[in-house]
Amino acid sequence: MSDAYPSPTLSGRKFFMNFPVTDTSHDLAAYRVRGGYQALEKVLRELQPADVIKEVSAAGLLGHGGAAFPAGRKWGVIRPDDGEPHYVCMNADEGEPGTFKDRWLLECVPHMSLEGLILASYAIGGRHAFIYIRGEFDLAWRRIQGAVDEAYAAGLLGKNILGTSYSLDVVVYRGAGSYVCGEASAMLASLEGKKGWPRNRPPRLTVKGLYQKPTVVNNVETLANVPVIMSLGAEDFRRTGTPKSPGTQMISISGHIVRPGVYEVEYGYSWERFLFEDCGGMLGGRELKCVIPGGVSTKILNRDEIRGVTLDHNSAVAAGSQLGSGGMIAVAEGTCMVRLARVIQRFYHHESCGQCTPCREGMGWMERVLDRIVRGEGRLDDIDRLYHISNANDGTTICSLGDSAGYACTAILDHYREEFEYYIKNGHSMMGGVLAIDDPFAGAVPTPLHATAGAR
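In this text the structure is predicted, and so the values were computed from the model without any measurement.

A. How the structure looks around the pairing of strand β1 (residues 87-92). Along β1, six of the six residues are buried, which leaves the element largely enclosed by surrounding structure. The side-chain alternation of β1 yields two buried faces, one formed by Tyr87, Cys89 and Asn91 and the other by Val88, Met90 and Ala92. With six bridges joining them, β1 and strand β2 (residues 128-133) adopt parallel strand pairing. In the sheet register, Val88 faces β2, and the bridge partner there is Ala129. When β1 meets strand β4 (residues 215-219), the two strands line up parallel, connected through five bridges. Along β4, the bridge assignment pairs Met90 with Asn218.

B. Fine view of helix α2 (residues 38-46). Of all the residues in α2, the buried ones are Ala39, Leu40, Val43 and Leu44. Viewed end-on, α2 has its buried residues packed into an arc of 120 degrees, placing them on one side of the element. Of the surrounding secondary structure, the elements contacted by the buried residues of α2 are α3 (49-59), α6 (110-124) and α9 (220-232).

C. A look at the environment of Asp138. Among the secondary structure elements, Asp138 is positioned in the loop between β2 and α7 (139-153). Once the C-alpha coordinates of Asp138 and Asp414 are considered, the two residues, 276 residues apart in sequence, prove to be 39 Å apart.

D. Structural context of the pattern of salt bridges. Taken as a whole and assessed by the stated rule, the structure comprises 24 salt bridges. Put simply, Arg134 and Glu136 hold a salt bridge, and the shortest N to O gap is 3.1 Å. Put simply, Glu377 and Arg375 hold a salt bridge, and the shortest N to O gap is 3.1 Å. According to the relative accessible area criterion, Glu377 is partly exposed, its value standing at 45%. Counted as one network, the salt bridges with shared partners bring together Arg13, Glu235, Asp236 and Arg239.

E. A look at the sheet that holds strand β6 (residues 261-266). Reading across from one edge, β6-β5-β11-β8-β9 is the order of the five strands in this open sheet, with mixed pairing throughout. If you trace the sheet from one side to the other, it starts and ends with β6 and β9 (301-302), each paired once. Judged from the two bridges that link them, strand β8 (residues 288-292) and β9 form a sheet pairing that is antiparallel. Bridging from a neighbouring strand, Val291 pairs with Leu301 of β9. On the sheet, helix α11 (residues 271-278) packs against β5 (248-255), β6, β8, β9 and β11 (327-332) and is oriented at approximately 115 degrees with respect to β8.

F. Broad picture of the state of the cysteines. Counted by the stated rule, this structure contains zero disulfides. The thiol of Cys108 is unpaired, and the distance to the nearest cysteine sulfur, on Cys279, comes to 17 Å. Lacking any disulfide linkage, Cys279 is separated from the closest cysteine sulfur, that of Cys290, by 16 Å.

G. Representation of the side chain of Glu272 within the structure. Tracing the backbone shows Glu272 in helix α11. For Glu272, a relative accessible area of 18% corresponds to the buried category. Within the structure, Glu272 has its side chain in polar contact with the backbone nitrogen of Gly308 (distance 2.9 Å). Sequence-distant contacts of Glu272, defined by excluding residues within four places in its chain, comprise Glu277, Arg303, Ile306, Arg307 and Gly308.

Thresholds applied
- Residues numbered from 1 in each chain as written.
- Predicted model: local features only at pLDDT ≥ 70, side-chain atom pairs only at ≥ 80, totals over all residues.
- Heavy atoms only, no water.
- Buried < 20%, exposed > 50% of the residue type's maximum accessible area, 1.4 Å probe, protein only.
- Helix = DSSP H or I, 4+ residues; strand = E, 2+ residues; numbered from the N terminus.
- Pairing = 2+ DSSP bridges.
- Arc of directions from axis to C-beta.
- Contact = heavy atoms within 4.5 Å.
- Salt bridge = Lys/Arg side-chain N within 4 Å of Asp/Glu carboxyl O.
- Axes fitted to C-alpha atoms, helices over the stretch in contact; angles between N-to-C directions.
- Disulfide = S-S within 2.5 Å.
- Polar contact = N/O pair within 3.5 Å; in protein donor to acceptor, adjacent residues only side chain to side chain.

Rendered as structure tokens:
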């Protein structure tokens, strides 16, 4: 089975981006030629549900939605003999700014995540599973819905899958574009037909989730790893990446970079090599000012802070941030960080669901303060005010949106406070008052969807 997932390349072994993307490479026939659904057949015929959880736990698979929580530990909380229905929900509501790697998986290898969803459902004794997909995704939705339809027709879903006693039905549900519905409990509320508001925990979703029943929520990339693990075995899977971050990470990179696009890199790969060799470096030969590592909810790191750092969870945390959702944004010298902070804060204010007072009021307050600074009417105490609001939000809201907004803002303030002070004192930006001096996309070479890191 290991031949189905070959090809170590420049940025390491590939589990997903290891085949040429064509007009039909996403369909069931092509996926089966690449070894697809062999893991499912092996599991259903030879293994018990507990064996699947044991193998995924031994592989050390970490969640790829942002929190990097061990997937096997989450599954292991479900008690198979509790007499309750169990559900698995695939979180395909990819809405973090800068993140579009799950979209690639849904468009190019939809059966891989679907196979992972079936395996996860089998592991926890689920008979119904759900795919909650971002409403704005069109091709991705058509591809995953098509994959589900193909799987039903081929006996891979429905009653007595592959002639075994296991049965599973899958429903694809399109969201309405709310960022907050990417949060697991808000997503389940939306699935239930309620307003997409996060809810307090405990109880955890694995105890009372969808319809108040034990539920596992995993994102697209996490589930796509499951057939890889069940094919290779945990021991072989752990040979990829680092001991504490086994496997690979899909990274979508955008911003002032020569080759934006989606890449798959092995954990432990050099951050600088990824930016300056795989992605071609900064546009126009400019210097790198900073990166947003894993979506705007992660703290920025400047050029010096990523020097010598590798792309894995522990290294990113040690450097002062997180890999988050794998949505990396490269920012070039010449960018006004005051305006960048304002753009980010406008997003958070717009997407706050309004349930919690600190977030509902705090997001708008922070945006108004940043608007005032950008208009040239800022006050010197506005910087302390932004810190104060951020601190007031920290840990006082049901979900992490308010926390993340504060972390993003204060990280920019910590690194570039002098730009805010200059803007307030002079009424215009130290960088000329624009987000970037050059058009960030002028001269950029779009990376084809099938391109892989180091494949040039």
